[in-house]
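Overview (structure and organization)
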Amino acid sequence: MQLKTIWVWTARIFSLGAILAVAGVIAVAVYVIRVSADLPTYEALQNYKPAVMSRVHAGDGKLIAEYAREHRVFVPRDAIPDHIIQAFISAEDKNFYIHNGLDIKGIFRAILVNIKNKIEGRRLVGASTLTQQVAENFLLSTNQQFSAKVRKMVIAVRMEKVMSKDKILELYLNEIYLGNRAYGVAAAALNYFGKPLDELNLAEIAYLAALPKGPANYDPVRHKARAVARRNWVLGRMVANEYITEKDAALYQDEDLVIASRLSGASYLAAEYFVEEVRRKVFTMYGEDQLYDGGLSIRTTLDTRLQLAARKALRAGLEDYDRRHGFRGALTRLDNLDDWQTGLAEVKGEADVDPDWHLALVLETTSEAARIGLFSGREAQIPLNALEWARKPLFEAKLGPKITAPSDVLGVGDVVYVEAIKDTEQDYDLRQVPTVNGAIMAMDPHTGRVLSLVGGYSFQQSQFDRVMQAQRQIGSAFKPFVYAAALDIDYTPVSLVLDAPFIADGGGNTRFYKPGNYAEGKFYGLSTLRLGIEKSRNVMTVRLAQQMGMRPIVDIGVRTGIYDQLDPVLAMSLGAGESTPWRMVAAYASLVNGGRKIEPTIIDRVQDREGKTIYRHDQRDCPGCNVIEETDYIFAEPQLPENRPQVLDRVTAYQITSMMEGVVLRGTATRLRAVGKPVAGKTGTTNDYKDAWFMGFSPDLVVGVYVGFDNPATLGRGEAGGRVAAPIARDFLIDALKDAPNAPFRIPEGVRLVRVNGRTGELARPGDSGAILEAFRPGTEPRRGARGIQLSIGKGRAGDARKKPPEKEDELGGLY
């Protein structure tokens, strides 16, 4: 009876246990189903694509920018070196190729270890597999609650069912955050070491594999010793797993951990305004998600050599102007000099100053120099002759009294910028960041490809892009288009216009309009159009505009893209209208490229993450471009269709180019003669010297320079375009054209070159020292015995038929 009772109770207990077990399984199943109800489907897992950063390259292939929420370069499994996979498996999941997403043995081992660690107060360990770590990205959470862990396990198991091990590894190595703004091993290799994956050595690979546990804990700068120890541990695990030999491990365990600086330095800083314009354009074209997550490959037009030259020239020109207008004072003043090195180290200087500039503290002033202390603790001096420029700025860009002693400029405790004077040991020059600003842009006039664009002294100090956004009066830089309008209606370069006092109806609310020349009160009588543009004569330009009417001037200003609209008042002939350097460079390109309108572009091509071209600036078809002929014969290069609109007559464009070449040789831009190559250009200065311009070109490069204050104010008397802007263009072009051929400007058909006197326009006589070759339309040249060419205002316009040229050579001695 007793035995029977025991069996009954045993059966009941087993039944109850079975029921509870089944109930537990059902409860667990229900719980798992509930917490995993909204997890990604198998199809979503298979089609998953991680966010990839967009990368921007210059025209010469150099990387100049990256746009991303997560800095990631996606690399397929086949392109990932085996040692990288082996290192991460050794560090994170040695059983990766064995388990099905969950490492059961690892889980139980972690439970036992964590019980012990909990008792001893040590850090708990995990048991997540690589698959589970990838699963966290689908959950978009690193939540450590039990429900989140279950969800992660479910995803891991699902992934193992629909993906190969290699696919999971590919996702992991492209997804994992490794610090230093890097997601994935490829981005980490670039950000930490400045290398692609296939150039990493074992020490560098092991360091990357050490980071998933906590990138901040193994920061190579703040925690270098800990980072090296963890790296060496990974090398040891690779030995244990027989991926590398002990000899290899020992070799790389002794290697120092050296981090490279990336996307920094002169080339990166020089391109900041340019890449911001690229970012804005791509954002407009494709939207935020594609820009930051779409993995776009953006090939731009930038020439990094020209960009560096442009930034260097602009900054030097702005600093030169700034030094002509005095010293505005110290950055700050230190009252306590007992521990002056500490005090100096705490001073926050300006952003993006020249790397050769240093903060210095004035320790003493004598009659001959100011003694200074540098951050290094070294002492030096600023001699009196290096302070002579530092007069006090006064109202309207005037200057205070001359400097007679260092104490006129500096006082003890002043913190200033200094730069070592070359070929001296102790002498430094006083420096300051300019308040004036400006812009420079260079472009291929035949294609519109923008080769350099610098929108200001420093992008870090001001993001306002003066190339694209500065709407300023263009002054005399508009005159070439006024004269082009005249040439289109049968004026010639030697047509005479009176330069004499002139009063006209001002239009609008202005009763009278009385223009004056740059040299106030001076007038030069009858002058040729060439002389008017070379010497930038204001009065004769306005008189010319009155004679031919403002309609053709308005038309040419709009047609060439300088303005969207222009008031037909005489003041506009002197550039009273506002435009931007971007528009001006495009308009000047039409003067040198045969009269074709050019749309500037900063992007050549955009490709998606798969490498498919989704945008190409040049949309013209070129059937012969991709034809490969297996022959020894040499074929002519493919001809592309011409689709650029003709906005200037070709002959007119060349005549203006020739006249502007005279501006450089004999006129207001003679500083450009130092370039030593054919250059044409025009200076521009606005009322009260508020804006200074130089626009010009060589046969294959057009450049524009603008200088002015962001809040319009006078640059100072005499600070005209020829003095302020032209030297910047000169310095840029000397560098930009140093390897360019010394070729003349291209002469189109329909031009006849005749030797004339450069001042009078009359035919030159033998031995005439002032003779030049002037460009005419055949039949419009001066004749022997004629006194110049009388004004003949016709009704012609660009493209109209012209008089036929003489059938044979005559006494003109002309050249077609």
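Rules used throughout
- Positions within a chain are numbered from 1, following the residues in the order the chain's sequence is written.
- Owing to the predicted nature of the model, reporting of local features is limited to residues with pLDDT of at least 70; listing and counting of side-chain atom pairs is limited to 80 or more, with chain, interface and lining totals taken over all residues.
- Each side-chain value is derived from all of the structure's non-hydrogen atoms; neither hydrogens nor water enter the calculation.
- Strands are runs of DSSP state E lasting at least two residues, helices are runs of H or I lasting at least four, and both sets are numbered from the N terminus onward.
- Exposed residues in this analysis have more than 50% of their type's maximum accessible area, buried residues have under 20%, and partly exposed residues fall in between, with area computed by a 1.4 Å probe over protein chains only.
- Residue contacts are defined here by distance: any two heavy atoms, one from each residue, within 4.5 Å place the two residues in contact.
- For our purposes a nonpolar core is just a set of buried Ala, Val, Leu, Ile, Met, Phe, Trp, Tyr and Cys residues, chained together by side-chain atoms within 4.5 Å.
- We call two strands paired when DSSP finds no fewer than two bridges between them.
- To obtain an axis, a line is fitted to C-alpha atoms, over the contacting stretch when the element is a helix, and the angle between two such axes runs from 0 to 180 degrees between their N-to-C directions.
- One speaks of a salt bridge when a side-chain nitrogen belonging to Lys or Arg is within 4 Å of a carboxyl oxygen belonging to Asp or Glu.
- The rule is short: rings of Phe, Tyr and Trp, with Trp giving its six-membered ring, pair when the centres are within 6.5 Å, and they are stacked under 30 degrees, edge-to-face over 60, tilted in between.
- For a ring to carry a charge above it, either NZ of a lysine or CZ of an arginine must fall within 6 Å of the ring centroid while also lying within 35 degrees of the normal to the ring plane.
- Any pair of nitrogen or oxygen atoms within 3.5 Å is treated as a polar contact; in protein, a donor-acceptor pairing is required on top of that, and neighbouring residues in sequence qualify only through side-chain atoms on both sides.
- Every residue is assigned a pLDDT by the predictor, reflecting its confidence on a scale from 0 to 100.
- We call two directions roughly parallel when the angle between them is under 35 degrees, roughly antiparallel when it is over 145, roughly perpendicular when it lies between 65 and 115, and oblique otherwise.
- For this scheme, ten residues count as nonpolar: Ala, Val, Leu, Ile, Met, Phe, Trp, Tyr, Cys and Pro. Four count as charged, namely Asp, Glu, Lys and Arg, and the remainder, Gly too, count as polar.

Per the secondary structure count, the chain includes 23 helices and 26 strands. Taken across its 816 residues, the chain has 50% of its residues classed as buried. Considering only residue pairs separated by 6 or more positions, the chain has 70% of its internal contacts joining residues 24 or more positions apart.

Once that is clear, we can look at helix 3 (residues 82-92). Note on helix geometry: an α-helix contains 3.6 residues per turn, so any two residues three or four positions apart are oriented the same way. Judged by how many residues are buried, helix 3 sits mostly within the fold: nine of 11 residues are covered. Along helix 3, the positions that sit buried rather than exposed are Ile-84, Ile-85, Gln-86, Ala-87, Phe-88, Ile-89, Ser-90, Ala-91 and Glu-92.

Nonpolar side chains in soluble globular proteins tend to be buried together. If you look at the biggest cluster of nonpolar residues, it comprises 135 residues, and the most contacted ones within it are Tyr-588, Leu-672 and Phe-732. With eight residues, helix 20 (residues 581-592) is the single largest residue contributor to this core.

Quick look at the sheet that holds strand 23 (residues 691-698) now. Across the sheet, which stays open at both edges, the five strands sit in the order 13-12-24-23-22 with antiparallel pairing between neighbours. Looking at which strands have only one partner, the edges of the open sheet turn out to be strand 13 (450-454) and strand 22 (680-685). Taken over all neighbouring pairs, the strand axes of this sheet differ in orientation by 5° on average, direction set aside. Direction of pairing for strand 12 (residues 437-443) relative to strand 24 (residues 701-708): antiparallel, over a ladder of seven bridges. Its bridge partner lying in strand 24, Asn-437 is registered against Gly-708. Each of strand 22 and strand 23 touches helix 21 (residues 650-666); the most contacted strand, strand 22, lies at about 70° to it.

On inspection of all chains with the given rule, the structure shows 43 salt bridges. The closest approach of N and O atoms between Arg-72 and Glu-175, which form a salt bridge, is 3.2 Å. A residue pair is termed long-range when its members are at least 10 positions apart, and Arg-72 in strand 3 (residues 71-72) and Glu-175 in helix 7 (residues 165-175) qualify at 103 residues. Per residue, the accessibility class of Arg-72 equals that of Glu-175, and both read buried. Salt-bridge contacts for Lys-195 lead to Glu-204; the nearest nitrogen and oxygen are separated by 3.0 Å. What you see here is one network of salt bridges that share partners, running through Arg-69, Glu-288, Asp-289 and Asp-293.

What follows deals with the sheet that holds strand 2 (residues 63-67). Here five strands make up an open sheet; going across it, the order is 2-1-5-20-21 and the pairing mixed. Each edge of the sheet is formed by a strand with only one pairing partner; in this case those strands are strand 2 and strand 21 (613-616). Going across the sheet, the axis of each strand differs from the next one's by a mean of 15°, ignoring polarity.

This part is about the pairing of strand 24. Among the eight residues that make up strand 24, eight are buried, leaving the element largely enclosed by the rest of the structure. Burial of strand 24 is two-sided: the residues Leu-701, Val-703, Val-705 and Val-707 facing one way and the residues Val-702, Gly-704, Tyr-706 and Gly-708 facing the other way are all buried. Note: strand 23 against strand 24, eight bridges, orientation antiparallel. Paired with Ser-698 across the two strands is Leu-701, which belongs to strand 24. Between strand 23 and strand 24, which follow one another and run antiparallel, lie two residues.

Bringing the packing of aromatic side chains into the picture now. Inspection of the entire model under this criterion finds 15 aromatic pairs. Considering the side-chain rings of Tyr-192 and Phe-193, the 6.3 Å spacing of their centres and the 45° angle between planes classify their relative orientation as tilted. Each member of the pair, Tyr-192 together with Phe-193, is buried. When the centroid spacing of 5.5 Å and the interplanar angle of 80° are considered together, the rings of Tyr-192 and Tyr-207 count as edge-to-face. Here Tyr-207 lies in helix 9 (residues 202-210) and Tyr-192 lies in helix 8 (residues 185-193), a separation of 15 residues in the sequence. Classification of Tyr-192 as buried rests on a relative accessible area of 4%. A residue is classified by how much of its surface remains accessible, and Tyr-207, at 0% relative accessible area, is buried. These aromatic residues form a ring-pair network of at least three members: Phe-478, Phe-481, Tyr-563 and Tyr-588. Sitting over the ring of Tyr-524, Arg-537 keeps its end group 3.7 Å from the ring centre.

Turning next to the environment of Leu-430. Checked against the element boundaries, Leu-430 lands in strand 11 (residues 428-431). Among the residues examined, Leu-430 registers a relative accessible area of 0% and is labelled buried. If sequence neighbours within four positions are ignored, Leu-430 has contacts with Arg-323, Phe-327, Ile-382, Ala-386, Leu-387, Trp-389, Ala-390, Val-409, Val-416 and Tyr-417.

A word on the side chain of Thr-683. Note that Thr-683 resides in strand 22. A distance of 2.8 Å separates a polar atom in the side chain of Thr-683 from a polar atom in the side chain of Thr-668.

The predicted coordinates ought not to be read in detail in places where the model reports low pLDDT. Taken as a whole, the chain shows an average pLDDT of 86; of its residues, 84% reach a score of 70 or greater. With pLDDT under 50 throughout, residues 787-816 is counted as low confidence; its partners more than four residues away or in other chains account for 69 contacts.

This part is about the packing of helix 9 against helix 10 (residues 224-240). For any two helices packed against each other, one specifies the inter-axial angle together with the distance between the axes. Relative orientation of the contacting elements helix 9 and helix 10 amounts to 105°, with a least axis distance of 8 Å. Classified by the angle their axes make, helix 9 and helix 10 are roughly perpendicular. In this structure, helix 9 contributes Leu-202, Ala-203, Ala-206, Tyr-207, Ala-209 and Ala-210 to the contact, and helix 10 contributes Ala-227, Arg-230, Arg-231, Val-234, Leu-235 and Met-238. Looking at side-chain class alone, the contact of helix 9 with helix 10 contains 10 nonpolar, no polar and two charged residues.

A few words now on the packing of helix 3 against helix 7. It is the contact of helix 3 with helix 7, at a shortest axis distance of 12 Å, that shows an interaxial angle of 85°. As far as their axial angle goes, helix 7 and helix 3 are roughly perpendicular. Here Ile-85, Phe-88, Ile-89 and Glu-92 of helix 3 lie close against helix 7, whose contacting residues are Leu-169, Tyr-172 and Leu-173. Here the residues of the contact of helix 3 with helix 7 sort into six nonpolar, no polar and one charged.

Even without being a glycine, Glu-396 presents a positive backbone phi close to 55°. Inspection of the secondary structure assignment puts Glu-396 in the loop between strand 9 (379-383) and strand 10 (414-420). On the basis of relative accessible area, Glu-396 is assigned to the partly exposed category, the value being 45%. Here the phi dihedral of Ala-397 falls at roughly 65°; this positive angle occurs in a residue that is not glycine. Mapped onto the fold, Ala-397 is located in the loop between strand 9 and strand 10.

Here the focus is the pairing of strand 13. Of all five residues in strand 13, five are buried; the element is thus mostly enclosed. Relative to strand 13, strand 12 runs antiparallel, the two sharing four bridges. For Met-441, the partnering residue across the bridge sits in strand 13 and is Leu-453. In textbook terms, the turn of a hairpin is the stretch between consecutive antiparallel strands, and for strand 12 and strand 13 this stretch comprises six residues, one of which, Gly-448, has a positive phi near 85°.

With respect to the helices and strands, the residue Ser-579 is situated in strand 19 (residues 578-579). A residue is classified by how much of its surface remains accessible, and Ser-579, at 0% relative accessible area, is buried. One polar contact links the side chain of Ser-579 to the main-chain carbonyl oxygen of Ile-562, over a distance of 2.8 Å. Leave out the neighbours within four places in its chain, and Ser-579 touches Ala-470, Gln-471, Arg-472, Ile-474, Ile-562, Tyr-563, Met-584 and Trp-693.

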